[in-house]
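Okay, here's what each chain looks like letter by letter:
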Amino acid sequence: MIEFKGASYSYTGGELLQNMSLKIASGAFYFITGPSGSGKTTFLKMCYGSLIPNTGELRLFGQDVQTLSRDDIAMVRRKIGLVHQDCQFLEHLTVRENIALPLSVSGQERFDDNMNLKELLAWVGLKGRAGAMPAELSGGERQRAALARAIIMSPDIILADEPTGNIDWEMSQRLLQLLIELNKMGKTILLASHDLSLIRLAKSQIQARVLRITNKRIQLAGADL
Ligand code: ADP
Ligand code: MG
């Protein structure tokens, strides 16, 4: 689904990520870890097709990103759910409206997957907060609302960029449990985090793989972490 072959990325000046070659396995749970500034967000942006490697190859769902048309990119993104670090809600819309936004944007009245909007709100523990404004939510609630919005279109892959960066441990654990549940339903998860406790907790429950960025290289970390 996501495959890098000898790909490198640089903004300006020197290379940030060098010679990446890796294949994201469908249905797996990945942590993307590395110090602040090492390129975790940049890596996820490439996986989303919003940044393109300067050299080498990147394939998203079998297609070379260099050759993707605007429509192809839209198709790719329909299969990917994104949880931003800062959630990015429309502050003048309610929580329910924000979560349902991808549906209205794509012209669907309701989503007809296994879960309806009500069930989705209950699943993320926000049933009673549906009518609230984003500013009224706690940090943990905001992240769960962002996760609900990311999965409302039933994506195959969920990319989450340090979603637990600004929330307490209890809320981080709760968010992780939701991601683990999604993974058990068959979703591929890419979770950027430098929280070792979170990685350990995940590893005690599922077979999480760890992609670590060090010295501009991204590699699968050994079992010892
Ligand atoms: P991380 O998510 O691991 O903290 P990032 O991918 O956000 O790392 O950033 C990696 C490096 O690239 C940082 O040094 C950052 O300042 C730089 N960077 C990020 N975005 C841009 C940009 N749009 N233009 C130039 N440099 C950038
Ligand atoms: Mg980042």
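Predicted, not measured: the structure shown is a model, and the values here were computed from it.

Participant: Can you walk me through the overall build of the chain in this structure?
Facilitator: Looking only at helices and strands, the chain has 7 helices and 10 strands in total. A globule of 225 residues ought to have a C-alpha radius of gyration of about 17 Å, and the chain, at 17 Å, matches this closely. Considering only C-alpha atoms, the chain reaches an extent of 45 × 40 × 30 Å along its principal axes. Looking at the 225 residues of the chain, the share that counts as buried comes to 48%. When contacts within the chain are restricted to residue pairs at least 6 apart in sequence, those whose partners lie at least 24 apart make up 69%. Put simply, the chain shows about 10900 Å² of open surface, and 46% of that area lies on carbon and sulfur atoms. Side chains of the chain carry 26 positive and 23 negative charges; the gap between the two charge centres is 3 Å.

Participant: Which parts of the structure should I look at to understand the sheet that holds strand β8 (residues 188-192)?
Facilitator: The strands that make up a sheet are held in pairs by hydrogen bonds between backbone atoms, and each pair lies either parallel or antiparallel. Spatially, 6 strands are ordered β6-β7-β8-β3-β9-β10 in an open sheet, and the strand pairing comes out mixed. Two strands in the sheet have a free side with no partner beyond their single neighbour: β6 (80-83) and β10 (217-220). Going from strand to strand, the sheet's axes swing by 15 degrees on average, the running direction of each strand aside. Inspection of the sheet shows β6 paired to strand β7 (residues 157-161) by 4 bridges, in the parallel sense. Looking at the pairing, Leu82 lines up with Leu159 of β7.

Participant: It is not clear to me how the sheet that holds strand β2 (residues 17-24) should be interpreted in this structure. Could you clarify?
Facilitator: The strand order β2-β1-β4-β5 describes an open sheet built from 4 strands, whose pairing is antiparallel. Each having just a single partner strand, β2 and β5 (63-64) make up the two edges of the open sheet. Two strands pair when backbone bridges link them, and strand β1 (residues 2-9) and β2 are joined in this way by 5 bridges, in the antiparallel orientation. Residue pairing in the sheet places Tyr9 in a bridge with Leu17 of β2.

Participant: Where do I start with the site of ligand 1 in this structure?
Facilitator: Close to ligand 1 lie Tyr11, Leu16, Pro35, Ser36, Gly37, Ser38, Gly39, Lys40, Thr41 and Thr42. The separation between a nitrogen atom of ligand 1 and a polar side-chain atom of Tyr11 is 3.4 Å. Between ligand 1 and Thr42, the relevant distance is 2.5 Å, taken from an oxygen atom to a side-chain nitrogen or oxygen of the residue. Look at ligand 1: alone it shows 560 Å² of surface, and the protein chains cover 54% of it. Broken down by class, the residue content of the shell around ligand 1 amounts to 3 nonpolar, 6 polar and 1 charged.

Scoring rules and cut-offs
Residues numbered from 1 in each chain as written. Chains lettered and ligands numbered in written order. Predicted model: local features only at pLDDT ≥ 70, side-chain atom pairs only at ≥ 80, totals over all residues. Heavy atoms only, no water. Helix = DSSP H or I, 4+ residues; strand = E, 2+ residues; numbered from the N terminus. Rg over C-alpha atoms; globule rule 2.2 N^0.38 Å. Buried < 20%, exposed > 50% of the residue type's maximum accessible area, 1.4 Å probe, protein only. Contact = heavy atoms within 4.5 Å. Areas by Shrake-Rupley, 256 points an atom, 1.4 Å probe, with all protein chains shown as cover. Lys, Arg positive; Asp, Glu negative; His and termini not counted. Charge placed at Lys NZ, Arg CZ, Asp CG, Glu CD. Pairing = 2+ DSSP bridges. Axes fitted to C-alpha atoms, helices over the stretch in contact; angles between N-to-C directions. Near = heavy atom within 4 Å. Polar contact = N/O pair within 3.5 Å; in protein donor to acceptor, adjacent residues only side chain to side chain. Nonpolar A, V, L, I, M, F, W, Y, C, P; charged D, E, K, R; others polar.

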